Amino acid sequence: MGGPVIITTMDRFLRYARQKQKDIITSIREFVECESPSDHPPSVNRFVDLLTASVKDIGRVRTFPGGAYGKHARCEFTLPGKKDGQILALGHSDTVWTLGTLATMPFREAKGRLWGPGVLDMKSGLVFFIFAMRALRDLDVPVARKVVLQINSDEEVGSETSRPLTEEAARASAAVLVLEPGTGLEGKLKTARKGVGDYTIVVRGRASHAGVDFSNGANAIVEMARQLEKIAGFTRLDRGVTVSPGVVHGGTRSNVVAAECRAEVDIRAPRDRDRVYLERVFGSLKPFDKRCTIEVTGGLNRPPMERSAGVRKLFRTASTLAAELGVTIEESSTGGGSDGNFTAALGVPTIDGLGGVGEGAHAVNESILIHRIADRTALLAKLVAAI
Ligand SMILES: [Zn+2]
């Protein structure tokens, strides 16, 4: 009787995560099948209830009102070890997918992947972290810091109501681990993110009859067209600064000289000093046609996450720990923002992209690689134990 004795040096967290992989997938499925679009607070609340119920036995949960959005939640885990200071893990409960998307994009397991709305961005990341905490408890690994997972309900719509909570929790933390998806099918970590924002430009001219009173009109659309050429020219590709007019509305009828035109412009900037540049150039806009006026509002609403010394050190730790799991991990920078932008801007070492490995965030091919579930879960456990 008895099978062969297999001597293995496999990392204990990796072994744990592999043993639990079925449970992890079941949990991801439950999370994905509980739809939670940002603009439907009752659904988001239902998802938050599901998530917090799943950690009831391993932590203490507090919820916070989310204004026009769903509630935010914080979970402090009960873990072995004597604690000094705090680690903050950041996630979001909302997705970009409208209610009912599951009907056309159901959760499914196929081709070595899990598919479904929000599976990558970012329900798998939340599940990985919860199982990483279970690993620390079940393996009785002491951690040196209190561990708090904050789950925001308005990340996909700008994080207006969660931002103060995120910043408060970050100020009390030695490090922030953001559970957003990794970059690409290699799952690179994100050590730099551009600052993100927008400007709204309103040009007001003077309406008149395009046929009988043409000269009395000041055409706001024509004025805006001239302004937009100038605005698009604020892009500085060599510095990574991009300025992209995305929406334009103007005029009422073709036979009326347009009295008003409005444009929304996306801005991205890798460094805080680029903010000064953007404020200066947008502030300098003057009408070409003196009969028109220009109103400019906006700016960066997420500061850049810069690759500071603290971020570099945290990445080195992550990459050493990943090597113990047999995984080579690389870093990347991205033009997209996350709640990690806020915490990094406070000078708190922040590493992002620790969640699922896959592709298609916000797209119909949204999916994660099943064979990367275990090492991501193990890496989160190891990071928390090491910081
Ligand atoms: Zn996300």
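The notes below deal with the structure included here. (Residues numbered from 1 in each chain as written. Predicted model: local features only at pLDDT ≥ 70, side-chain atom pairs only at ≥ 80, totals over all residues. Heavy atoms only, no water.)

The topology assignment puts G205 in the loop between β9 (195-204) and β10 (208-209). Assessed through its relative accessible area of 25%, G205 is described here as partly exposed. Other than its neighbours up to four places away in sequence, G205 contacts A218, A220, A259 and C292. (Helix = DSSP H or I, 4+ residues; strand = E, 2+ residues; numbered from the N terminus. Buried < 20%, exposed > 50% of the residue type's maximum accessible area, 1.4 Å probe, protein only. Contact = heavy atoms within 4.5 Å.)

What follows deals with helix α2 (residues 21-32). The end-to-end C-alpha distance of α2 is 16 Å, a good match for the 16 Å that twelve residues give at a rise of 1.5 Å each. All of the buried residues along α2 are Q21, I24, I25, S27, I28, F31 and V32. Projection of α2 onto a plane perpendicular to its axis shows the buried side chains occupying an angular sector of 160°, all on one side. (Expected span 1.5 Å × (residues − 1). Arc of directions from axis to C-beta.)

All right, on to the coordination of the zinc ion then. Distances from the zinc ion to its protein donors, H92 (NE2), D121 (OD), E180 (OE) and E180 (OE), fall within 1.9 to 2.7 Å. Seen from the zinc ion, its four donor atoms lie at angles of 52 to 145°, and the figure they make is irregular. Read from N- to C-terminus, the donor residues coordinating the zinc ion fall into the pattern H-x28-D-x58-E. Separated by 88 residues along the polypeptide, H92 in strand β3 (residues 86-92) and E180 in the loop between β7 (175-178) and β8 (189-193) bring together distant segments of the chain. On the basis of relative accessibility, which here comes to 1%, the residue H92 falls in the buried class. (Donors = N, O, S within 2.8 Å, 3.2 Å for Na, K, Ca; no water. Tetrahedral: all angles 85-135°; square planar, octahedral: opposite > 155°, others 65-115°.)

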